[in-house]
Amino acid sequence: MEKFSGKIWVLGDDIDTDIIIPTEYLALKTVNDMAPYAFSPLRPELASQIQKGDIIVAGKNFGCGSSREQAPEIIKALGIKCVIAKSFARIFFRNAINNGLLLIENDALRGAVSEGDEITVTINEAIEHKGISYPITSLPENLVDIIQAGGLVKAMRRLNGLD
(Lines give C-alpha, C1' and ligand atoms only; values in the text may rest on other atoms or scores of the structure.)
Protein backbone atom coordinates (compact mmCIF):
# COMPACT_ATOMS: atom_id res chain seq x y z
CA MET A 1 0.00 0.00 0.00
CA GLU A 2 1.10 3.53 -0.67
CA LYS A 3 2.96 5.27 2.15
CA PHE A 4 3.77 8.97 2.50
CA SER A 5 4.81 11.52 5.13
CA GLY A 6 3.96 15.17 5.52
CA LYS A 7 3.83 18.18 7.79
CA ILE A 8 0.44 18.78 9.34
CA TRP A 9 -1.81 21.80 9.62
CA VAL A 10 -4.35 21.58 12.44
CA LEU A 11 -7.90 22.87 12.06
CA GLY A 12 -10.93 22.63 14.33
CA ASP A 13 -14.49 21.33 14.06
CA ASP A 14 -17.12 22.31 11.49
CA ILE A 15 -14.79 23.64 8.79
CA ASP A 16 -17.45 24.38 6.21
CA THR A 17 -17.10 24.89 2.48
CA ASP A 18 -17.48 28.68 2.95
CA ILE A 19 -14.32 28.61 5.05
CA ILE A 20 -12.52 26.34 2.58
CA ILE A 21 -13.36 28.74 -0.27
CA PRO A 22 -15.56 31.80 0.37
CA THR A 23 -18.37 32.43 -2.11
CA GLU A 24 -16.91 35.69 -3.44
CA TYR A 25 -13.90 33.84 -4.89
CA LEU A 26 -15.94 31.27 -6.81
CA ALA A 27 -16.24 33.77 -9.67
CA LEU A 28 -12.51 33.51 -10.36
CA LYS A 29 -11.65 31.69 -13.56
CA THR A 30 -9.82 28.59 -12.31
CA VAL A 31 -9.31 26.54 -9.17
CA ASN A 32 -5.68 27.69 -9.15
CA ASP A 33 -6.87 31.32 -9.16
CA MET A 34 -9.10 30.52 -6.15
CA ALA A 35 -6.51 28.55 -4.15
CA PRO A 36 -4.72 31.59 -2.57
CA TYR A 37 -8.01 32.44 -0.82
CA ALA A 38 -8.53 29.00 0.71
CA PHE A 39 -9.34 29.10 4.43
CA SER A 40 -9.10 32.94 4.36
CA PRO A 41 -12.05 33.60 6.72
CA LEU A 42 -10.33 31.44 9.34
CA ARG A 43 -6.61 31.89 8.64
CA PRO A 44 -5.82 34.33 5.80
CA GLU A 45 -2.14 33.31 5.71
CA LEU A 46 -2.70 29.55 5.57
CA ALA A 47 -2.97 29.02 1.80
CA SER A 48 0.38 30.72 1.22
CA GLN A 49 2.10 28.59 3.89
CA ILE A 50 0.91 25.16 2.75
CA GLN A 51 3.52 23.17 0.84
CA LYS A 52 3.03 20.31 -1.59
CA GLY A 53 2.63 17.07 0.37
CA ASP A 54 1.31 18.69 3.56
CA ILE A 55 -1.61 17.13 5.43
CA ILE A 56 -4.60 18.71 7.16
CA VAL A 57 -5.73 17.25 10.49
CA ALA A 58 -9.12 18.51 11.64
CA GLY A 59 -11.98 17.90 14.03
CA LYS A 60 -15.48 16.72 13.31
CA ASN A 61 -17.77 17.57 10.40
CA PHE A 62 -15.07 18.76 7.99
CA GLY A 63 -16.54 20.03 4.71
CA CYS A 64 -20.03 20.75 6.01
CA GLY A 65 -22.17 23.41 4.36
CA SER A 66 -22.92 23.80 0.68
CA SER A 67 -21.97 21.09 -1.77
CA ARG A 68 -19.50 23.12 -3.82
CA GLU A 69 -17.22 20.86 -5.77
CA GLN A 70 -14.48 23.50 -5.76
CA ALA A 71 -13.77 22.92 -2.04
CA PRO A 72 -11.90 19.61 -2.41
CA GLU A 73 -10.44 20.73 -5.75
CA ILE A 74 -8.87 23.76 -4.06
CA ILE A 75 -7.47 21.70 -1.19
CA LYS A 76 -5.88 19.42 -3.76
CA ALA A 77 -4.61 22.42 -5.80
CA LEU A 78 -2.83 23.68 -2.67
CA GLY A 79 -0.82 20.46 -2.68
CA ILE A 80 -2.50 18.86 0.34
CA LYS A 81 -1.86 15.10 0.17
CA CYS A 82 -4.80 14.15 2.40
CA VAL A 83 -7.20 15.41 5.03
CA ILE A 84 -7.57 13.48 8.27
CA ALA A 85 -10.57 14.42 10.40
CA LYS A 86 -12.80 13.01 13.11
CA SER A 87 -15.64 13.03 10.56
CA PHE A 88 -16.58 14.48 7.19
CA ALA A 89 -19.79 15.85 5.74
CA ARG A 90 -21.08 13.14 3.43
CA ILE A 91 -21.33 15.20 0.25
CA PHE A 92 -17.86 16.67 0.80
CA PHE A 93 -16.51 13.14 1.28
CA ARG A 94 -17.90 12.02 -2.07
CA ASN A 95 -16.83 15.21 -3.86
CA ALA A 96 -13.31 14.73 -2.49
CA ILE A 97 -13.09 11.13 -3.66
CA ASN A 98 -14.44 12.11 -7.09
CA ASN A 99 -11.70 14.76 -7.33
CA GLY A 100 -8.92 12.43 -6.17
CA LEU A 101 -8.43 13.87 -2.66
CA LEU A 102 -7.73 11.26 0.01
CA LEU A 103 -9.82 11.63 3.17
CA ILE A 104 -9.20 9.56 6.31
CA GLU A 105 -11.49 9.42 9.32
CA ASN A 106 -9.74 9.10 12.66
CA ASP A 107 -11.14 10.38 15.95
CA ALA A 108 -7.95 10.09 18.05
CA LEU A 109 -5.24 11.84 16.01
CA ARG A 110 -6.58 15.43 16.23
CA GLY A 111 -6.08 15.56 20.01
CA ALA A 112 -2.59 14.01 19.87
CA VAL A 113 -0.82 16.22 17.34
CA SER A 114 0.46 19.78 17.14
CA GLU A 115 0.68 21.94 14.05
CA GLY A 116 3.98 21.41 12.27
CA ASP A 117 4.38 17.80 13.43
CA GLU A 118 5.16 15.23 10.79
CA ILE A 119 3.06 12.11 10.35
CA THR A 120 3.32 9.08 8.09
CA VAL A 121 0.24 7.60 6.46
CA THR A 122 0.03 4.11 5.04
CA ILE A 123 -3.18 4.09 3.03
CA ASN A 124 -5.75 1.65 4.41
CA GLU A 125 -3.48 0.66 7.29
CA ALA A 126 -2.33 3.25 9.82
CA ILE A 127 -1.09 6.72 10.69
CA GLU A 128 2.24 6.96 12.52
CA HIS A 129 2.99 9.90 14.82
CA LYS A 130 5.92 9.99 17.27
CA GLY A 131 6.11 6.22 17.52
CA ILE A 132 2.38 5.70 18.00
CA SER A 133 0.32 3.90 15.38
CA TYR A 134 -3.28 4.97 14.80
CA PRO A 135 -5.18 2.29 12.86
CA ILE A 136 -7.44 3.54 10.10
CA THR A 137 -10.47 2.02 8.46
CA SER A 138 -9.83 0.77 4.96
CA LEU A 139 -11.50 2.45 2.03
CA PRO A 140 -13.01 0.11 -0.55
CA GLU A 141 -10.61 -0.77 -3.36
CA ASN A 142 -12.68 1.05 -5.99
CA LEU A 143 -12.40 4.33 -4.03
CA VAL A 144 -8.64 3.90 -3.59
CA ASP A 145 -8.40 3.34 -7.36
CA ILE A 146 -10.29 6.61 -7.99
CA ILE A 147 -8.02 8.54 -5.60
CA GLN A 148 -4.82 7.05 -7.05
CA ALA A 149 -5.98 7.86 -10.59
CA GLY A 150 -6.48 11.51 -9.59
CA GLY A 151 -10.28 11.49 -9.61
CA LEU A 152 -13.35 9.74 -10.99
CA VAL A 153 -13.07 10.99 -14.57
CA LYS A 154 -9.41 9.99 -14.80
CA ALA A 155 -10.18 6.59 -13.23
CA MET A 156 -12.97 5.92 -15.74
CA ARG A 157 -10.77 7.01 -18.65
CA ARG A 158 -8.06 4.60 -17.42
CA LEU A 159 -10.59 1.78 -16.88
CA ASN A 160 -11.96 2.24 -20.40
CA GLY A 161 -8.54 2.35 -22.03
CA LEU A 162 -8.78 6.01 -23.04
CA ASP A 163 -5.58 7.08 -21.24
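What you are looking at is a predicted structure, and each value in this text was computed from that prediction instead of being measured.

Each value, and the rule that gives it
Along every chain, residues carry numbers that run from 1 in the direction the sequence is written. Local features in this predicted model are restricted to residues whose pLDDT is 70 or higher, and side-chain atom pairs enter the listing and the counts only when it is 80 or higher, whereas totals over whole chains, interfaces and linings include all residues. Hydrogens are left out, water is left out, and the side-chain values use all remaining heavy atoms of the structure. Any two strands between which DSSP finds at least two bridges are classified as paired. A run of H or I in DSSP counts as a helix once it spans at least four residues, and a run of E counts as a strand once it spans at least two, with each numbered from the N terminus. Place the viewer so that the strands point away; then a crossover is right-handed whenever the path from the first strand over the helix to the second strand goes clockwise. Helix axes are fitted only over the stretch in contact, all axes being lines through C-alpha atoms; the angle between N-to-C directions runs from 0 to 180 degrees. When describing relative orientation, an angle under 35 degrees is termed roughly parallel and one over 145 degrees roughly antiparallel, while 65 to 115 degrees is termed roughly perpendicular and anything else oblique. The sense of a crossing depends on the near helix, which, turned anticlockwise from the far helix by less than a right angle, makes the crossing left-handed and, turned clockwise, makes it right-handed. Whether two residues touch is decided by their heavy atoms; if any such pair falls within 4.5 Å, the residues are in contact. Residue polarity is assigned by list, with Asp, Glu, Lys and Arg as charged and Ala, Val, Leu, Ile, Met, Phe, Trp, Tyr, Cys and Pro as nonpolar; anything else, Gly included, falls into the polar class. Only protein chains enter the accessibility calculation, which uses a 1.4 Å probe. A residue is then buried if its area is under 20% of the maximum for its type, exposed if over 50%, and partly exposed in between.

> Lay out the pairing of strand β4 (residues 102-105) with the relevant residues and their values.
Both strand β3 (residues 82-85) and β4 contribute to a ladder of 4 bridges, which runs parallel. Within the sheet, the bridge partner assigned to I84 lies in β4 and is I104. A crossover links β3 with its parallel partner β4, the connecting element being helix α5 (residues 90-98), and its sense is right-handed.

> For the packing of helix α4 (residues 70-77) against α5, give the residues involved together with the corresponding values.
Orientation of α4 relative to α5, taken along the N-to-C sense of each, is 50°, at an axis distance of 8 Å. Here α4 lies oblique to α5, going by the angle between them. Seen from above, α4 lies across α5 with right-handed handedness. Where α4 approaches α5, its residues A71, P72 and I75 are matched on the opposing element by F92, N95 and A96. Of the residues contributing to the contact of α4 with α5, the split by class is 5 nonpolar, 1 polar and no charged.

> Which residues make up α5, and what values do they have?
Each α-helix turn comprises 3.6 residues. Residues three or four places apart therefore point the same way. When α5 is considered as a whole, its buried residues turn out to be F92, N95, A96 and I97. Looking at the packing, one finds that the buried side of α5 touches α1 (17-20), α4, β4, α6 (141-149) and α7 (152-159).

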